[in-house]
Amino acid sequence: MEQLKKKFHLGKTNREKIFTFGIVLLFFAVIEILRGTGNLSNLLKGQLVPICAYVVMALSLNLTVGILGELSLGHAGFVSVGAFTGIVTATLLKPVVPQTWLVLLISIVAGGLTAGIIGFLIGIPVLRLRGDYLAIVTLAFGEIVKSLITNLYIGVDAKGLHFSFINDNLNLLEGGKKIIAGPMGASGFPKISTFLAGILLILFVLYFLYRLLGSKMGRAIKAMRDNSIAAEAVGIHLTRFKLTAFTMSAFIAGMAGTLFALNFASLSATKFNVDMSILLLVFVVLGGLGNLRGSIIAAGVLTVLPEMLRSLRDYRMLAYSIVLIAIMLLTNNQRLMQWWTQTKKDAKKWFAKIRKAKDGGEA
Amino acid sequence: MKKTIAVVLAVVMMLVGVVACTSGNQPATTNTSSAIKIGATGPLTGGAAIYGQACANAAVIAVEEINALGGLQFELKYEDDVHDVEKAANAYNALKDWGAQITLGSVTSDPAKVTSALCYEDGIFFLTPSASAATVTEGKDNVFQMCFIDPTQGIAGANYIKDKNLGTKVAVIYKNDEDYSTYIYQNFAAEAEKIGLNIVSTTTFTADSQNDFSVQLGDAQAAGADLIFLPMYYEPASLILAQANQMGIDITFFGVDGMDGILEMNGFDKSLAEGVILMTAFDANASDENTKSFVKKYQEKYGEIPNQFAADAYDCVYAIYQACVNGNVTADMTAQQINEIMKQQFTSMTFNGLTGQNMTWGTDGRVSKDAIAVVIKNGAYASMD
């Protein structure tokens, strides 16, 4: 075992990483086995892509809130930008590109890039603010995005793309197609997101974030979070690193948005409201700030949980809230944690004793 | 510590996954019981719950009546979609796990756009009582509507105001982040321009700003409007009526079918709605036997007067019943077999229900029936004539 560890350079952090990747792969394997044997319920099958999308959103918000240490209450705004960019891209590419996976890939990248650019532009003024002020501004940003997209009309016809704002002045030619129709949202776009694509996106984002955390930039970002004055004193350019991290976070959120959107046949901007931003924050806080694996698990569990409670009918959301409060309290209960660590210690001692007794017996 | 939390949560997740998989372990299309399974999604909780519950309540009554006749038996299940597209997809999948063979679709438009697409993919027949957006039926040959589509309402509203000479200077307040409201407004405005109806004030609000309408009402007042058109659901409308009353604005208010339900709203002073005109396909005070019996049953069971949503849902179940009887549908058929029969029946049959006589459906899934305008008098709907 020791030799193996040495051979593969498995430090503690590496084992953590492998464990996290393992959880994602195990989830994928379990689902695929269930699907193969025909035991996968339609309810769970329908939720696979949203679960993946929420996991990626939670990871992206964790970069801002947990790793960068800035509270963002408007993350759904970036998701929304990504979602609608992805919808437009996919609608345009679908008739031209025959490979569905390529359409999905390009749409996801396009959604991420647009959200990243918006994140960069928003970041320039916003990241000069700190703490509560930043939270309020991001809250406003989320609302602005919702409002803008709700009033946006985009259509395509033989002449190309048409845009219009507030009033529907697209004047499409015969055979034209409205892609986004203001408050009616987008509908009739290709439904091409797959579970496999979702899992690959999670793995990519995980790899990306772990690489970032281990890099010089990652260390600088964490140093900045822990003590910005000390970080600045050793020569870390605060605004530059903040802006980079924020842009990357927006980029990942945008990709998740596209994945999410292309799973439904219809979507309107009101879906990406404050509730969604708060939900993402709940995933991150529940999973632990800065803890990527925690975000993945929390996002997965909290997405599936309300649907599992369907049998409770009208008491569903009540039960969901109670479970949420219970998890929050239990995971933060000192006494419970002490009891758990003590039990683990005791168990270790007990095993050691048994092994000793065994060794003694053999000798 | 974080590690332990993660491990605990991982175990929970796996358990949840296992529960999810075992509980839904049921073949989706074959039905062994003798009743045809009808599934539906609607907002049973949340902001739009009054619509979902009205539909669910009325559908239950219709199914009970049909089952009491003997012969063809129905089994009904409503799943909550909280008026959200994501939850609607989940609710639909839960119904599929249950083995739904026919669906009453979704109650509200946004969820219906998603569930109708899924029904089209899966080949399950879809008849919505009240999802009125035009995109719900577009391009799907097995998706049908019992209500009017939104554009029809806007056009009919403008013509009605013009023909009956209800007002010459019209003000419009609409909700510009909601498709229902915006779509009716756009068609109303276009038609008004065509027929020469004068719109003097157009103001908007959103879901976040629907607590105060003094600006919008002030604008209408300043423009000298003598009629205010309110293409919206009843909650904001109730507030507009209350504020107009406080501001001393005493002119005609004209609503659409979303206004229906205002009289049953908790804590709403019915005297505020006196004289409000609204367009609806259902009149709870109608004197025909079927309406009387339905209203009586609904009142006995749920303690309130049914609204148009309820009547549409009731009609939906009976329309499906009629199509099933004529098409010799049996409970052991698959959803896809039933789908083919229903498509053929719906485009060829004529249906008489609470919300209209001689209703027919086109291949585009849209219903053709007449809208009637009613006026609120003494806390109840009265005929305009």
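Model, not experiment: these values are computed from the prediction.

**Q** What exactly am I supposed to notice about the packing of helix H4 (residues 75-93) of chain A against helix H10 (residues 238-261) of chain A here?
**A** Helix packing for two helices is described by the angle between their axes and how far apart those axes are. Residue and element names in this part refer to chain A. At a minimum axis separation of 6 Å, H4 and H10 run at an interaxial angle of 50°. Accordingly, the angle class assigned to the pair H4 and H10 is oblique. Between H4 and H10 lies a crossing of right-handed hand. Between H4 and H10, the residues in contact are His75, Phe78, Val79, Gly82, Ala83, Gly86 and Ile87 and Phe246, Ser249, Ala250, Ala253, Gly254, Gly257, Thr258 and Ala261, respectively. By residue class, the composition of the contact of H4 with H10 is eight nonpolar, seven polar and no charged.

**Q** Is there a simple way to explain the confidence of the model for chain B in this structure?
**A** The predicted coordinates should not be examined in detail at positions where pLDDT is low. Residues and elements named next belong to chain B. On average, chain B scores 86 in pLDDT, and the residues at 70 or more come to 91%. Counted against residues more than four places away or in other chains, residues 16-30, with its pLDDT under 50, gives 23 contacts. Note on the complex model: pTM 0.84, ipTM 0.84.

**Q** How should I be thinking about the domain arrangement of chain B in this particular structure?
**A** Accessible area lost when the parts come together is the quantity often used to give the size of an interface. All names here are of chain B. What the domain assignment lists for chain B is domain 1 (36-148 + 288-369) and domain 2 (151-280). Measuring from the centre of the C-alpha atoms in domain 1 to the corresponding centre in domain 2 gives 29 Å. Between domain 1 and domain 2, roughly 1200 Å² of surface is buried when both sides are summed, and carbon and sulfur atoms account for 51% of that area. Ranking the residues of domain 1 by area buried against domain 2 places Tyr51, Phe148 and Gln308 at the top, with a combined share of 39%. Taken together, the connections running from domain 1 to domain 2 amount to zero salt bridges. Taken together, domain 1 and domain 2 are joined by three residue pairs in polar contact (both at pLDDT 80 or more).

**Q** Got a minute to help me understand helix H4 (residues 109-122) of chain B in this structure?
**A** Since the α-helix turns once every 3.6 residues, residues separated by three or four places project in the same direction. All names here are of chain B. Taking 1.5 Å of rise per residue, 14 residues should cover 20 Å, and H4 covers 20 Å from first to last C-alpha, within 8% of that figure. Burial analysis of H4 places eleven of its 14 residues in the buried class, the great majority of the element. Among all positions of H4, only Ser109, Asp110, Pro111, Ala112, Lys113, Val114, Thr115, Ser116, Ala117, Leu118 and Cys119 are buried. Of the residues flanking the end of H4, it is Gly123, one or two places downstream, whose phi is positive at about 70°.

**Q** Sorry if this is basic, but what is going on with the side chain of B:Gln145 here?
**A** Positionally, B:Gln145 belongs in strand S5 (residues 143-145). Not counting residues within four places of it along the chain, the set of residues in contact with B:Gln145 comprises B:Leu127, B:Thr128, B:Ala131, B:Ser132, B:Ala133, B:Val136, B:Thr137, B:Trp361, B:Gly365, B:Arg366 and B:Val367.

**Q** What exactly am I supposed to notice about empty space enclosed by the protein here?
**A** Empty space among the atoms can be located by rolling a probe the size of a water molecule over them. Residue and element names in this part refer to chain B. Within the structure shown, the criterion is met by six cavities of 30 Å³ or more. Estimates place the volume of the second largest cavity at around 70 Å³. The wall of the second largest cavity is formed by Ser130, Ser132, Cys147, Tyr180, Tyr233, Asp257, Gln308, Phe309 and Asp312. Here the lining of the second largest cavity takes three residues from helix H11 (residues 308-326), the largest share from any one element. Each residue belonging to the lining of the second largest cavity can be placed in one class, and the counts come to four nonpolar, three polar and two charged. Among the domains, domain 1 (36-148 + 288-369) and domain 2 (151-280) are the pair contributing at least three residues each to the lining of the second largest cavity.

**Q** It is not clear to me how the interface of chain A and chain B should be interpreted in this structure. Could you clarify?
**A** Contact with chain A, which involves 50 residues of that partner, is made by 51 residues of chain B. Each partner contributes to the roughly 4500 Å² buried at the junction of chain A and chain B, and carbon and sulfur atoms together form 61% of this total. Considering only the side of chain A, the residues that lose the most area to chain B are A:Asn42, A:Met184 and A:Arg310, jointly responsible for 14% of the buried surface there. Taken together, the connections running from chain A to chain B amount to four salt bridges.

**Q** Is there a simple way to think about the sheet that holds strand S1 (residues 36-42) of chain B in this case?
**A** Pairing between the strands of a sheet comes from backbone hydrogen bonds, and it takes one of two forms, parallel or antiparallel. All names here are of chain B. Ordered by their spatial adjacency, five strands build an open sheet running S2-S1-S3-S4-S5, and the pairing between neighbours is parallel. This sheet does not close on itself; its edge strands, each paired only once, are strand S2 (74-80) and S5. Put simply, the sheet's adjacent strands are angled 20° from each other on average, direction ignored. As judged from the two bridges shared by strand S3 (residues 102-106) and strand S4 (residues 125-128), these two strands associate in the parallel manner. Within S4, the position partnered with Thr103 by the bridge is Phe126.

**Q** Help me understand the domain arrangement of chain A, please; the structure alone is not making it clear to me.
**A** Residues and elements named next belong to chain A. When cut into domains, chain A gives domain 1 (1-40) and domain 2 (44-275). Relative placement of domain 1 and domain 2: their C-alpha centres are 28 Å apart. Listed per partner, the contact involves twelve residues of domain 1 and twelve residues of domain 2. Taking both sides of the interface into account, the surface hidden between domain 1 and domain 2 amounts to around 1200 Å²; carbon and sulfur atoms contribute 89%. Considering only the surface of domain 1 that becomes buried against domain 2, Phe21, Val24 and Phe28 emerge as the three largest contributors, covering 41% of it. For the interface between domain 1 and domain 2, the tally reads one residue pair in polar contact (both at pLDDT 80 or more). The residue makeup of the side of domain 1 that touches domain 2, split by class, is seven nonpolar, one polar and four charged.

Conventions and cut-offs
Residues numbered from 1 in each chain as written. Chains lettered and ligands numbered in written order. Predicted model: local features only at pLDDT ≥ 70, side-chain atom pairs only at ≥ 80, totals over all residues. Heavy atoms only, no water. Axes fitted to C-alpha atoms, helices over the stretch in contact; angles between N-to-C directions. Helix = DSSP H or I, 4+ residues; strand = E, 2+ residues; numbered from the N terminus. Parallel < 35°, antiparallel > 145°, perpendicular 65-115°, else oblique. Left-handed = near helix turned anticlockwise from the far one by under 90°. Contact = heavy atoms within 4.5 Å. Nonpolar A, V, L, I, M, F, W, Y, C, P; charged D, E, K, R; others polar. pLDDT = per-residue confidence, 0-100. Domains from an automatic or database assignment. Buried area = accessible area lost by both parts, 1.4 Å probe. Salt bridge = Lys/Arg side-chain N within 4 Å of Asp/Glu carboxyl O. Polar contact = N/O pair within 3.5 Å; in protein donor to acceptor, adjacent residues only side chain to side chain. Expected span 1.5 Å × (residues − 1). Buried < 20%, exposed > 50% of the residue type's maximum accessible area, 1.4 Å probe, protein only. 1 Å grid on protein atoms, 1.4 Å probe; cavity = no way out; pocket = protein on both sides within 12 Å on 5 of 7 lines; lining within 4 Å. Points joined across faces, edges and corners; volume = space filled by probe spheres on them. Pairing = 2+ DSSP bridges.

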